[in-house]
Amino acid sequence: MIEIRSISKTFSKRIKALDNVSFDVRNGEIVGYVGLNGAGKTTTIRIAVGVLPPDSGDVLINGYSIVRDKRRASMHIGWVPELPIFEPDVKALDYFVYLAGYYGISSGEARSLGRKLLEEVGLGGSYNLKLKEFSMGMKKRFALAVSMINNPDNFLFDEVLNGLDPQGIAFFRNLALRFRREGCAVLFSSHILSEVEGIADRVVFIHKGRIVREMSIDEIKSMAKPAFKIRISNMDERVEDLLKDYGRVRVEDHTVFIEEPRVEASKITKILIENGYEVEEFSRATSNLEDVFFRIIGERG
Amino acid sequence: MKYTLTPILYDFKRAFLRLSTLLLLVLFIFAGVGLSYISYNYFIQSNPSIGSFTLIILTNDTAYARGIIYDLTGSIIDNATMKIYRIDTGETLFEKRVAGNFSFTSTSLYDSLKEIIAEALTPQSRPIEDMLRLRIESSIGDGEIPLLGIQVGNATYIAFGDINRQFFPKPGGLTGRGREEVMKYEVVNAGYKLILLSRKTGEARLIVYAINTTDPVKKVHGLLEYNTTEAKGLPGGTSQPIPIPLDELSFKRLGVINDYVEIFSLTLEPDKDILALKLSPGNGSSNFSLYGIAMYSTMIPVESRYVSFIAGGVGLSLFAEFFPIVFLYLAYVLMAKPRSTGALEFILARPVTRWDIYLTRYLAGVFVALISTALFVGAVQGSNMALIGLTLDAGSIAVLYLGLTAALIAFYTLCYMLASSLRSGLYLAISILLYLLFSMFWSLIVLLYTLFSGGGFAAYNENSYLLGYFNPLSPISYASYYIQLNYGIIPEMETVYTWAVILSPILWITIFFTLGYKIFKKINLTS
């Protein structure tokens, strides 16, 4: 269980990175954390895993405060950073053993655990490679293996699919689903809504450091219903009024969009022609998730 | 407790037990040996390291030689090569490999010496003292031993020696210059050399020779006694007549003399000034006693002369100059580098807090300072013992250790603070700059300060101690100051306040440690 409680963070006087951010990730749930690049996703996660102190607010991991009781809280967190950085000149297994030491695991024990976990994340043949020789995908897998040392029940994946090959993407998606089955709380951040669509139960939207919306996947999908797109040569402002009873109307230059239409297309055409409008083009458009995303955060793509 | 403490101890262990640190400790041991060795070399360059008393008796067409070779502490050395040569021509008359305590006979030596004595007896010849010299060459140094005495006739002998005092026959009113009288009254020619090893312990060595001038082949047998006394109301300077009440002194037995030369170890009372010696015939008759005195309170002990090289500008400061670089590097490896690359952030996601990381890595450096300095001081002591047989006293060792650790920890704290707030490139630039400022250019700053404050060059020393409070490396200078003061090598300085000497490193350390954490607590660890 990850409870983010009113965290705020300002980096310099001008940029407010996070403004009173609050949301929960419950056990057995994958929460997508979606926002544009620079919206504050990584900052939220870095505060939640305790590597960055918030200006105010707190994050509770299984009830332990990351601010006041970090040692205890950290025992229950797995974190895969967006750009993991390790000591470049150390061999993978050695670095794993080094990091495992922080959990009080002896070096012999850590060595066999390291072999097992590195194998599990698909780094079976790379024990003795230096970490600087790892690709981005391998680094993320390595960070994941390290995250699993203590068998935590909270995972924070920061843009984890970014820069991965299809195989890697499938691996991390399946892994998130497995953690959910095992009752873990998983926070999965991305700047692409469709990336989390298939796996997340809920999506938290962040924009310019503020949480703008929290929605279930079903709600989001319903927003992505089909719409009519009608191009009218002699467009005027009465159109919106005329069509408002048949669906949600939006006008852009010579195009009118009717989202979630309540009537058939022929009926709409008929009304328009009866009122003297010249319909140049009529099409059925399905608004995709990215449109939904931009609509939610209130900006046009 | 284990639950929360394990990661902290672990970080400490990993920070301390790294190859570079262990190599560094070895480096410090070498530095300690090096310091002793360099100091020793400087020392023996300015102090003759080898002395000898060698008696050669010429009788029955044979030269009989008997002598000892000792180092500057009066200890017999293992072996050496002795050469008797002519000063004027440089010609080596005789050469032989001998033990530190030797006797041998030689006919070739007899021939050479007879020849040169004959030449010296011609009226136009220079005195024989200017013609003959003994040279000793050994692994610990060389010695030029002048001619000490010569007797020509049917009992011919030549003595070489660096022995500077003669026994005299009558007590009272005599100076150490009573040689002529000695020769007149007695058939025994006896002399001594006092080597004061340490003023504080009073440890000393006495080298005594005695020759029966009537028949040099016969050894003198005698009892040597001694006592110490104060030089109350005496004018300064050993050349003044010293009215020592030798009759009133009760002498204590030091040992017996059975050979031409003997070495005695004795302990002089540190609060007295004068050593009085009494040499009496073995038959117990004190009528023929000889006396000797030596004012030791004004002698500079071997120890002090050596310490001035160890603790002074030549030895300690030469090495201390380079130690801070090690700690500059340590702060870089432990903090600046991992922080700058971003690797520290991933470590911080383990069950440790920023404070834990900051503290343990700091303490690891402090621990290195404590251990390496201990090894360094131990190596200095050990090699002093091996090279010269002298060590610093416990108080000086403690001061040396405290001074070095205080300086290194203070400088490390400064570097650590910079390391926890600056990127590694900038860290290296600034810390190297500060190192140069505090070690190399500091004397320039003191000089400028002295010039502008109008004290003149005389005030330079005082100012260097005064400004030292603002230099994290200065505890080394203060340690050097207190050690040299302790051995009576330098006078007391008005600008050295003990409280400030102690307070200054404490402030350096606490201020930079606290300031460093204030920055580190908040800093963004992303590269």
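In this text the structure is predicted, and so the values were computed from the model without any measurement. Along every chain, residues carry numbers that run from 1 in the direction the sequence is written. Each chain gets a letter, beginning with A, and each ligand a number, beginning with 1, in the order they are written. Since the coordinates come from a predicted model, pLDDT governs what is reported: local features require at least 70, and pairs of side-chain atoms require 80 or more to be given and counted, while whole-chain, interface and lining totals use all residues. Only hydrogens and water are set aside; all other atoms, that is, all heavy atoms of the structure, feed into the side-chain values.

What follows concerns the interface of chain B and chain A. We call two residues in contact when some of their heavy atoms are within 4.5 Å. Listed by partner, the interface residues are 30 residues for chain B and 28 residues for chain A. Interface area, chain B with chain A, both sides summed: about 2700 Å², of which 61% is carbon and sulfur. Think of a salt bridge as a Lys or Arg side-chain nitrogen and an Asp or Glu carboxyl oxygen that are within 4 Å of each other. Linking chain B with chain A are 2 salt bridges, by the criterion used here. Note that R46(A) and E345(B) form a salt bridge whose closest N and O atoms lie 2.8 Å from each other. Think of a polar contact as two N or O atoms within 3.5 Å of one another; within protein, one of them needs to be a possible hydrogen donor and the other a possible acceptor, and neighboring residues in sequence only count if both atoms come from side chains. Between the two partners, chain B and chain A, sit 9 residue pairs in polar contact (both at pLDDT 80 or more). A 1.4 Å probe defines the accessible area here, and the buried area is the portion of it lost by two parts on being joined, summed over both.

Each nonpolar core is a collection of buried residues, namely Ala, Val, Leu, Ile, Met, Phe, Trp, Tyr and Cys, held together in the definition by side-chain atoms within 4.5 Å. Three exposure classes are used, based on accessible area relative to the maximum for each residue type with a 1.4 Å probe and protein chains only: buried under 20%, partly exposed in between, and exposed over 50%. Within the largest apolar cluster, 187 residues are counted, with the highest numbers of intra-cluster contacts made by F142(A), L144(A), F157(A), F188(A), F376(B) and Y427(B). Beyond its immediate sequence surroundings of up to four residues, L144(A) is in contact with V80(A), V121(A), F157(A), F171(A), F172(A), L175(A) and F179(A). Core analysis: the second largest hydrophobic core is formed by 30 residues, I77(B), F94(B), F104(B) and L132(B) among them.

Residues and elements named next belong to chain B. Read across the sheet, 4 strands follow the order 4-3-6-7 without closing on themselves; strand pairing throughout is antiparallel. Edge positions in the open sheet fall to strand 4 (92-99) and strand 7 (141-145), since each of these has one partner strand only. In this sheet, neighbouring strand axes are inclined to one another by 15° on average, regardless of whether the strands run parallel or antiparallel. Each pair of strands is called paired provided DSSP finds at least two bridges between the two strands. In DSSP terms, a helix is any run of H or I states spanning at least four residues, a strand is any run of E spanning at least two, and both are numbered starting from the N terminus. The angle between two axes is taken between their N-to-C directions and runs from 0 to 180 degrees, where each axis is a line fitted to C-alpha atoms and a helix contributes only its stretch in contact.

Turning next to helix 4 (residues 107-120) of chain A. One turn of an α-helix holds 3.6 residues; hence residues three or four places apart share an orientation. Residues and elements named next belong to chain A. Here the expected span of a helix is defined as 1.5 Å times the quantity of residues minus one. With 14 residues, helix 4 extends 19 Å from end C-alpha to end C-alpha; this agrees with the ideal 20 Å at 1.5 Å per step. All buried positions along helix 4 are accounted for by A110, G114, L117 and L118. Buried residues of helix 4, seen end-on, are gathered within an arc of 95° and therefore sit on one face of the element. Turned more than 90 degrees from where helix 4 packs its buried face, K116 and E119 sit exposed. Considering only its buried residues, helix 4 is in contact with helix 3 (92-100) and helix 5 (136-147). Two residues or fewer after helix 4 comes G122, characterised by a positive phi angle close to 90°. The directions from the helix axis to the C-beta atoms form the arc being described.

The next point concerns a nonpolar patch on the surface. Judged by side-chain polarity, M440(B), F441(B), L444(B), L448(B), L451(B), F452(B) and F457(B) come together as a nonpolar surface patch covering roughly 790 Å² of accessible area. Counting residues per element, the nonpolar patch draws most heavily on helix 12 (residues 442-452) of chain B, at 4 residues. Exposure above 30% relative accessible area and no salt bridge define the residues that can form patches, which grow by joining like charges within 9 Å and nonpolar side chains of Val, Leu, Ile, Met, Phe, Trp and Tyr within 5 Å. The accessible surface values rely on the Shrake-Rupley method and a 1.4 Å probe; as for residues, cover is taken only from the protein chains in view.

Residue and element names in this part refer to chain B. Between 30 and 60 degrees the pair is tilted, below 30 it is stacked and above 60 it is edge-to-face, where a pair is any two Phe, Tyr or Trp rings, Trp via its six-membered ring, whose centres lie within 6.5 Å. A full pass over the atoms with the stated rule returns 48 aromatic pairs over all chains. Between the aromatic rings of W355 and F513, the centroid separation amounts to 5.9 Å while the plane-to-plane angle is 75°, which identifies the pairing as edge-to-face. Note that W355 is positioned in helix 9 (residues 354-387) and F513 in helix 15 (residues 498-522), a separation of 158 residues in sequence. Summarising the aromatic geometry, the rings of Y358 and F513 are spaced 5.2 Å apart at their centres and angled 45° between planes, so their arrangement reads as tilted.

Now for the domain arrangement of chain B. In this document the domain limits rely on a domain assignment from an automatic tool or a database. If you check the domain split of chain B, you get domain 1 (2-25 + 322-375 + 390-522) and domain 2 (49-161). With centres defined by C-alpha atoms, the gap from domain 1 of chain B to domain 2 of chain B works out at 56 Å.

Let us now look at the domain arrangement of chain A. Residues and elements named next belong to chain A. Taken as a whole, chain A is organised into domain 1 (2-221) and domain 2 (225-297). Centre-to-centre separation of domain 1 and domain 2, based on C-alpha positions: 42 Å. Taken together, the two surfaces of domain 1 and domain 2 that pack against each other cover about 910 Å², and 78% of this comes from carbon and sulfur. Remark: the boundary between domain 1 and domain 2 carries 0 salt bridges. Viewed at the interface, domain 2 and domain 1 are joined by 0 residue pairs in polar contact (both at pLDDT 80 or more). Residue assignment for the side of domain 1 that touches domain 2 shows that the elements contributing at least two residues are helix 7 (193-197), strand 9 (202-207), strand 10 (210-216) and helix 8 (217-223). Throughout, the ten residues Ala, Val, Leu, Ile, Met, Phe, Trp, Tyr, Cys and Pro are labelled nonpolar, Asp, Glu, Lys and Arg are labelled charged, and all others, Gly among them, are labelled polar. In terms of residue class, the side of domain 1 that touches domain 2 is made up of 8 nonpolar, 4 polar and 3 charged.

On to the sheet that holds strand 2 (residues 62-71) of chain B, then. All names here are of chain B. Within the open sheet, the 5 strands sit side by side as 5-2-1-9-8. Their pairing is antiparallel. Bordering the open sheet on either side are strand 5 (101-106) and strand 8 (147-151), each of which pairs with just one other strand. Mean inter-strand twist for the sheet, computed between neighbouring axes without regard to direction, equals 10°. When strand 1 (residues 50-59) meets strand 9 (residues 156-161), the two strands line up antiparallel, connected through 6 bridges. Residue I56 lies in a different strand from strand 9, and its bridge partner there is I158.

Residue and element names in this part refer to chain B. Among the secondary structure elements, R339 is positioned in helix 7 (residues 323-341). Only four residue types enter the charge count: Lys and Arg as positive, Asp and Glu as negative, with His and the chain ends excluded. No salt bridge forms around the buried R339; measuring N to O, its nearest opposite-charge neighbour E345 is 9.4 Å away. Within the local environment of R339, its side chain forms a polar contact with the backbone oxygen of A419, the two atoms lying 3.4 Å apart. Apart from residues lying up to four places away in sequence, R339 is in contact with L344, A419, S420, S421, L422, R423, F520, I523, N524 and L525.

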